[in-house]
Amino acid sequence: MRKALLAQARGCAELGSPMYAELLTRAADDPGGAVAGVLGERTETGFVLRMLGTVHRLVLEGRAPELAEHYPTAGGTKDPLAAWPAFRDVLAEHAAEIREGLADPPQTNEVGRAAPLVGGLLTVAEATGLPIRLLEIGASAGLNLRADHFRLRYEGGAYGPDSPVVLDDAWRGLPPVDAPLDIAERLGCDRSPLDAASPDAQRLLLSYVWPDQAARVERLRAAFEVAARVPATVVRAGAADFLEGLAPRPGMATVVWHSTMWAYLSGDEAARMLRHLEDAGAAATGEAPVAHLSFEGRDASRLDAVQVVALRLWPGGERTILGEGPSHGLPITWF
């Protein structure tokens, strides 16, 4: 367990969360302690994220007041790097509830991942000249289904309308920003979809943002504002069931998009999903193209700190790597 926790602490440090890096380092130096009592042998990244998110939710609900003093998201003003004693106490006090939280996949509707999404959609729009039918797998609350309503800044310019959501340093190198992007349909799926207008859902989403990352917190809260005025639908379904019967639509480019979710699929579901995409791709034409756009690790079976923007566009279906960036999406380096 110690080795796994230290590796994840390094990942948190690389992704800009000194607070979580410190907590996981302290946990690694506490063998047989409160973290081990919660996680047992489940030290994979996904389970650690669920533990951290469940504790954060307890803080946001006002049920861990001493720990909340170290969490900026709860108005805390004490040093986040000094949170370990209170964090350990919360793990011990709420161990059963936190263990239950390990059963639910993280709900990380990361708004920064709009950067690879918009860049990929611009690439499809340039290649096809058609409106986009956007289908998102693992959409959570569907915040990124509204990505064309965000403002993306880059050195020397910006893309998108004035918006509460501003993504600074979105791109290094540029996708085809002059391509006309028109999202005509927005539909997503999730096994546990969230209503972006619900205070409980908003709190759950916030709990999976790392509490010392103010920019991510600000982006998420701003995305709730955009979601309130831009309609999008997220249905309750798994990835393979959602795509069953997928077919091209004349006059539109059908784009199936997902980010940082492939590692959570079973081998069977991933294979079924790819078959549905291949079947739709085989039926694609120049007037009804199909695209598979993703932002996942190079080894899609595991969670990586650096991920690639990949595109397959039918007819043809050749896979192209468009760029890469950190798992939270900013900045994306375009190739």
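Refer to the preceding data block for the structure.
**Some details on the nonpolar core**
Okay, step 1: By size, the foremost hydrophobic cluster in this structure holds 55 residues, and its most contacted members are Leu121, Ile132, Leu134, Leu143, Phe150, Trp171 and Leu293.
Okay, step 2: Per-element tally for this core: the top contributor is helix H8 (residues 114-128), with 8 residues.
Okay, step 3: In this structure, Phe150 is in contact with Val111, Ala114, Leu143, Asn144, Tyr159, Gly160, Pro161, Ser163, Val165, Ala223 and Val226, ignoring residues within four places of it in sequence.
Okay, step 4: Within the second largest apolar cluster, 36 residues are counted, among which are Leu15, Met51, Leu67 and Ile98.

**Some points on helix H1 (residues 2-14)**
Okay, step 1: In a regular helix each residue adds 1.5 Å, so 13 residues correspond to 18 Å; H1 covers 18 Å between its end C-alpha atoms and thus fits that length.
Okay, step 2: Where H1 is concerned, the buried positions are Leu5, Gln8, Ala9 and Cys12. Down the axis of H1, the smallest arc covering the buried residues is 110°, so these residues share one side. Turned more than 90 degrees away from the buried face of H1, the exposed residues are Lys3, Arg10 and Glu14.
Okay, step 3: Elements in contact with the buried residues of H1: helix H2 (18-28), helix H3 (34-39) and helix H4 (45-60).
Okay, step 4: Directly after H1, the chain includes Gly16, whose backbone phi takes a positive value near 90°.

**Section: the packing of H1 against H2**
Okay, step 1: H2 packs onto H1 with a crossing angle of 170° between their chain directions and a minimal axis gap of 8 Å. Here H2 runs roughly antiparallel to H1, going by the angle between their axes. Residues Arg2, Leu5, Leu6, Gln8, Ala9, Cys12 and Ala13 of H1 form the contact with H2, whose own contacting residues are Tyr20, Ala21, Leu24, Thr25, Ala27 and Ala28.
Okay, step 2: Residue composition of the contact of H1 with H2, grouped by class: 10 nonpolar, 2 polar and 1 charged.

**Some remarks on empty space enclosed by the protein**
Okay, step 1: Counted according to the given criterion, the structure contains 1 cavity of 30 Å³ or more.
Okay, step 2: The volume enclosed by the largest cavity comes to roughly 70 Å³.
Okay, step 3: If you trace the largest cavity, you find it lined by Gln107, Thr108, Asn109, Glu110, Val111, Leu205, Tyr208, Val209, Arg216 and Leu220.

**Comments concerning the pairing of strand S5 (residues 183-190)**
Okay, step 1: Pairing analysis gives 6 bridges linking strand S1 (residues 132-137) to S5, with the strands arranged parallel. Paired with Arg133 across the two strands is Glu185, which belongs to S5.
Okay, step 2: In the sheet, S5 pairs with strand S6 (residues 233-236) via 4 bridges, with the strands oriented parallel. Residue pairing for S6: Cys189 is matched across the bridge by Val235.

**Examining the packing of H4 against helix H6 (residues 84-93)**
Okay, step 1: Viewed as axis vectors pointing N to C, H4 and H6 meet at an angle of 95°, and their least axial separation amounts to 11 Å. Relative to H6, the element H4 lies roughly perpendicular. Across the interface between the two elements, Met51, Leu52, Val55 and Leu58 from H4 touch Phe87, Val90 and Leu91 from H6.
Okay, step 2: Of the residues belonging to the contact of H4 with H6, the class tally is 7 nonpolar, no polar and no charged.

**Comments concerning the pairing of S1**
Okay, step 1: The element S1 is largely enclosed, with a buried count of 6 among its 6 residues.
Okay, step 2: Alternating positions in S1 separate into two faces, Ile132, Leu134 and Glu136 on one and Arg133, Leu135 and Ile137 on the other, with burial throughout.

**Concerning the environment of Ser163**
Okay, step 1: By the secondary structure assignment, Ser163 is in the loop between strand S3 (157-159) and strand S4 (166-172).
Okay, step 2: When the C-alpha positions of Ser163 and Asp89 are compared, they lie 41 Å apart, and in sequence the two are 74 residues distant.
Okay, step 3: Apart from the residues within four sequence positions on either side, Ser163 is in contact with His149, Phe150, Arg151 and Val226.

**Brief notes about H8**
Okay, step 1: The end-to-end C-alpha separation of H8 is 21 Å, in line with the 21 Å expected for 15 residues at 1.5 Å each.
Okay, step 2: Where H8 ends, the next residue or the one after it, Gly129, has phi of about 70°, a positive value.

**Considerations on the sheet that holds strand S8 (residues 290-297)**
Okay, step 1: The strand order S3-S2-S4-S11-S10-S9-S8-S7-S1-S5-S6 describes an open sheet built from 11 strands, whose pairing is mixed. What marks the edges here is a single partner per strand, and that holds for S3 and S6. Each strand of the sheet is rotated relative to its neighbour by a mean of 25°, with strand direction disregarded.
Okay, step 2: The pairing of strand S10 (residues 319-326) with strand S11 (residues 332-334) spans 2 bridges and is antiparallel. Directly across from Gly323, in S11, lies its bridge partner Trp334.

**Looking at the environment of Ala240**
Okay, step 1: Structurally, Ala240 can be placed in helix H11 (residues 239-243).
Okay, step 2: Of the residues examined, Ala240 reaches a relative accessible area of 0% and is grouped as buried.
Okay, step 3: Sequence-wise, Ala240 and Asp268 are 28 residues apart; in three dimensions their C-alpha atoms are separated by 9.2 Å.
Okay, step 4: Residues in contact with Ala240, not counting those within four places in the same chain, are Glu269, Arg272, Met273 and His276.

Rules behind the numbers
Residues numbered from 1 in each chain as written. Predicted model: local features only at pLDDT ≥ 70, side-chain atom pairs only at ≥ 80, totals over all residues. Heavy atoms only, no water. Core = buried A, V, L, I, M, F, W, Y, C linked by side-chain atoms within 4.5 Å. Buried < 20%, exposed > 50% of the residue type's maximum accessible area, 1.4 Å probe, protein only. Helix = DSSP H or I, 4+ residues; strand = E, 2+ residues; numbered from the N terminus. Contact = heavy atoms within 4.5 Å. Expected span 1.5 Å × (residues − 1). Arc of directions from axis to C-beta. Axes fitted to C-alpha atoms, helices over the stretch in contact; angles between N-to-C directions. Parallel < 35°, antiparallel > 145°, perpendicular 65-115°, else oblique. Nonpolar A, V, L, I, M, F, W, Y, C, P; charged D, E, K, R; others polar. 1 Å grid on protein atoms, 1.4 Å probe; cavity = no way out; pocket = protein on both sides within 12 Å on 5 of 7 lines; lining within 4 Å. Points joined across faces, edges and corners; volume = space filled by probe spheres on them. Pairing = 2+ DSSP bridges.

Scope: geometric values only; no functional claims are made or implied.
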